[in-house]
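# Structural features, examined
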Amino acid sequence: MSQNDQPYTSPTDVSMHSLPPSYESVTQAPVKLTYVEFWPQCVTPMEKLMRAQFETFDVLVQKANDWLSCHPTFSIYNCETTEKKIAKLEDLISQTLVFQPELHVALYIKGLRLWIYENINRTATSEPIQLGYVDFVPQCLNPGEKHSIFESLPVLYERINNILLNRPLEGKIHTIDTVNIKIGKAFWKENIQHVGQINSRQSSWYDEYQTYTLKITRLFYICGAAFPELIGSVDFLPEQTREAGWFSYGKFAPFSELMQQASNWIKNSNGLHIKNIHTLDTLFQHSSGKALDPQMTFDERFETGIRVLYLRVSYTTQAPNMPWNPPPPPPIISCKTFVPVVGSTIDGCCYNMPIFENMVETVERIIAWFNASGAKVLHAEIGSVVRFPQLAEPVSPENTMSLHSEWVLAGKNKVPTRHSLVYIIRVYLDGIYQEPHPDLLPPVPYVEMNECCTIL
């Protein structure tokens, strides 16, 4: 039996549903930003990884509600359907912000992360917040045909709003999440193509080189009285500053310019409740001359293609002829990006392989930064993944164009090979912030680069 055929055993069950353990050591004041996350447990721990079955997403929402019931002093900035690529089951409970390929098998796991804060207006006797959610999957317009066509985002939103008008949610919409579901070509053809439907509750997907991506809309709401409201969103794409040529892929404006576009739009968004801000990416077909189209809900065979990052601002608005609470004045938004710091290195063949700090350590730095800066949080995400062929390359949060996707054709035989991934944290703020003095922040780890190759 080869190493890849060995059954995977379930990791020791540890609590993944507590706050980062060190946040109290960072601040004695009410915490302004932290997180709690919920990952599905494997229900077939003796199966090989590629055939393992996991709890569904609705189970994670129930776990989140159980946690919120035990922590009534916390409120939620936003809910995030997050994803993690794993090469073994032990990776599920890891707090690493890096995926490094191992063996030849990997899964995408969908989890739930709540970005939360300690609300000074809530007490231990306050009624706990409880969440509900509902998924809306784009409809396939030609099931069974070779090249699938799905309804566009405006058509999907129109269908959602008709449903919300006739059957309002039992509560108020809190987060409008766009969730990428990446489906391997083989699974797509065997299970989805002919019926044109997917199970959005599924929390695990096999990672393949040839992949289809479907963007579903997931509404999280705070349970309570029915509250009629409609949803919408607006997308901000980077300007192409250099056209693609025979020997170049072109160039796009940096992420900071997307933020400026979004900020200018939000300043004039009177009458809208801004629900969340998050980053997505779309396929850039530089050889076809096609424009970027964020309104598409389906990408066919995204393999090693170039991706371009864009920003989506989602909002709710008043349902016709219904009472409405006027929204607060529009915020002036900005963004602070936190990249996991390289804490040490190990020797590679001809370069140093950095070891990044983990999620808990990064959030410790984030908490310290907020305590020192006084910045006001709107939303947070780990929706952006920085992709590059070697971990030794620097991570640039300003890049909106990725020449390197999650796969690369390696070697003379063009063998599909997974890239390493680093996850970064973006926090969207209300107002323009000033960087605090370095003396007010914890020291950044010093990295001693090791000589790994000596020419004699």
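Residues numbered from 1 in each chain as written. Predicted model: local features only at pLDDT ≥ 70, side-chain atom pairs only at ≥ 80, totals over all residues. Heavy atoms only, no water.

Summed over the entire model, instances satisfying the criterion amount to 16 salt bridges. Of the charged contacts, one joins Glu 80 and Arg 113 as a salt bridge, the two residues approaching to 3.5 Å between their closest N and O atoms. One end of the pair, Glu 80, is in strand β2 (residues 74-86); the other, Arg 113, is in strand β4 (residues 107-118), with 33 residues separating them in the sequence. In this pair, the class of Glu 80 matches that of Arg 113, namely buried. (Salt bridge = Lys/Arg side-chain N within 4 Å of Asp/Glu carboxyl O. Helix = DSSP H or I, 4+ residues; strand = E, 2+ residues; numbered from the N terminus. Buried < 20%, exposed > 50% of the residue type's maximum accessible area, 1.4 Å probe, protein only.)

Turning our attention to the nonpolar core. Formed by 44 residues in total, the largest nonpolar core has its most connected members in Leu 112, Leu 114, Trp 115, Phe 370, Ile 425 and Val 427. When residues of this core are assigned to their parent elements, the largest contribution, 7 residues, is made by helix α6 (residues 359-373). In this structure, Val 234, Ala 262, Ile 277 and Leu 311 belong to the second largest nonpolar core, which totals 15 residues. (Core = buried A, V, L, I, M, F, W, Y, C linked by side-chain atoms within 4.5 Å.)

Let's shift gears to the side chain of Asn 180. Following the sequence through the fold, Asn 180 ends up in strand β6 (residues 171-184). Given the relative accessible area of 16%, Asn 180 is considered buried. Every residue in contact with Asn 180, bar those within four places of it in the chain, is listed here: Glu 83, Lys 110, Thr 213, Leu 214, Lys 215 and Asp 281. (Contact = heavy atoms within 4.5 Å.)

In terms of residue burial, strand β1 (residues 34-38) counts as a mostly covered element, since 5 of its 5 residues are buried. Taking every second residue as pointing to the same face, both faces of β1 are buried, with Thr 34, Val 36 and Phe 38 on one and Tyr 35 and Glu 37 on the other. Here 5 bridges tie β1 to β4, and the two strands are oriented antiparallel to one another. Bridged to Thr 34 within β4 is Ile 116. (Pairing = 2+ DSSP bridges.)

Attention shifts here to the packing of aromatic side chains. Inspection of the entire model under this criterion finds 17 aromatic pairs. Taken together, a centroid distance of 5.8 Å and an interplanar angle of 55 degrees make the contact between Trp 67 and Phe 74 tilted. As far as the burial class goes, Trp 67 and Phe 74 line up, both buried. Judged by centre distance (5.0 Å) and plane angle (85 degrees), the rings of Trp 369 and Phe 370 are edge-to-face. An identical accessibility class is assigned to Trp 369 and Phe 370; each is buried. (Phe/Tyr/Trp six-rings, centres within 6.5 Å; stacked < 30°, edge-to-face > 60°.)

A few words now on α6. Taking 1.5 Å per residue as the helical rise, α6 with its 15 residues ought to reach 21 Å, and the 21 Å between its terminal C-alpha atoms agrees with that figure. Listed as buried for α6 are Met 359, Val 360, Thr 362, Val 363, Arg 365, Ile 366, Ile 367, Ala 368, Trp 369 and Phe 370. A side-chain oxygen of the first residue of α6 lies 3.1 Å from the backbone nitrogen of Val 360; this N-cap is Asn 358. Taken from the residues just after α6, Gly 374 is the one with a positive phi, measuring 75 degrees. (Expected span 1.5 Å × (residues − 1). Polar contact = N/O pair within 3.5 Å; in protein donor to acceptor, adjacent residues only side chain to side chain.)

Bringing the environment of Ala 410 into the picture now. Looking at the secondary structure, you find Ala 410 in strand β21 (residues 407-410). In this structure, Ala 410 is in contact with Val 415 and Thr 417, ignoring residues within four places of it in sequence.

This next bit is on the pairing of strand β24 (residues 425-430). In terms of burial, β24 is largely enclosed, as 5 of its 6 residues are buried. The pairing of strand β15 (residues 333-338) with β24 spans 6 bridges and is antiparallel. When the bridges of β24 are listed, Cys 335 appears paired with Tyr 428. Note that strand β18 (residues 377-381) and β24 share 4 bridges and pair antiparallel. Looking across to β24, one finds that Ala 380 is bridged to Val 427.

Let's shift gears to the sheet that holds β18. Read from one edge to the other, the open sheet built from 3 strands follows the order β15-β24-β18, with strand pairing classed as antiparallel. Across the chains shown, the open sheet's two edge strands, defined by having one partner strand only, are β15 and β18. The sheet shows a mean angle of 20 degrees between the axes of neighbouring strands, direction not considered. Set on the sheet, helix α5 (residues 255-267) makes contact with β15 and β24; between it and β15 the angle comes to about 150 degrees. Packing against the sheet, α6 makes contact with β15, β18 and β24, and its axis sits at approximately 20 degrees to β24. (Axes fitted to C-alpha atoms, helices over the stretch in contact; angles between N-to-C directions.)

We now examine the side chain of Asn 78. Counting through the fold element by element, Asn 78 comes out in strand β2. Here Asn 78 falls in the buried class, since its relative accessible area comes to 4%.

Turning next to the environment of Leu 441. With respect to the helices and strands, Leu 441 occurs in the segment after β24. Residue class for Leu 441 comes out partly exposed when judged on its relative accessible area of 24%. When the C-alpha atoms of Leu 441 and Ile 367 are compared, they prove to be 9.7 Å apart, with 74 residues separating the residues in sequence. Look past the residues within four positions of Leu 441 in its chain and what remains in contact with it is Ala 368, Trp 369, Ala 372 and Pro 436.

Another point: the confidence of the model for the protein chain. Taken as a whole, the protein chain shows an average pLDDT of 82; of its residues, 80% reach a score of 70 or greater. Overall, residues 21-27 carries pLDDT values under 50, and its contacts beyond four positions in sequence, including any with other chains, amount to 12 contacts. (pLDDT = per-residue confidence, 0-100.)

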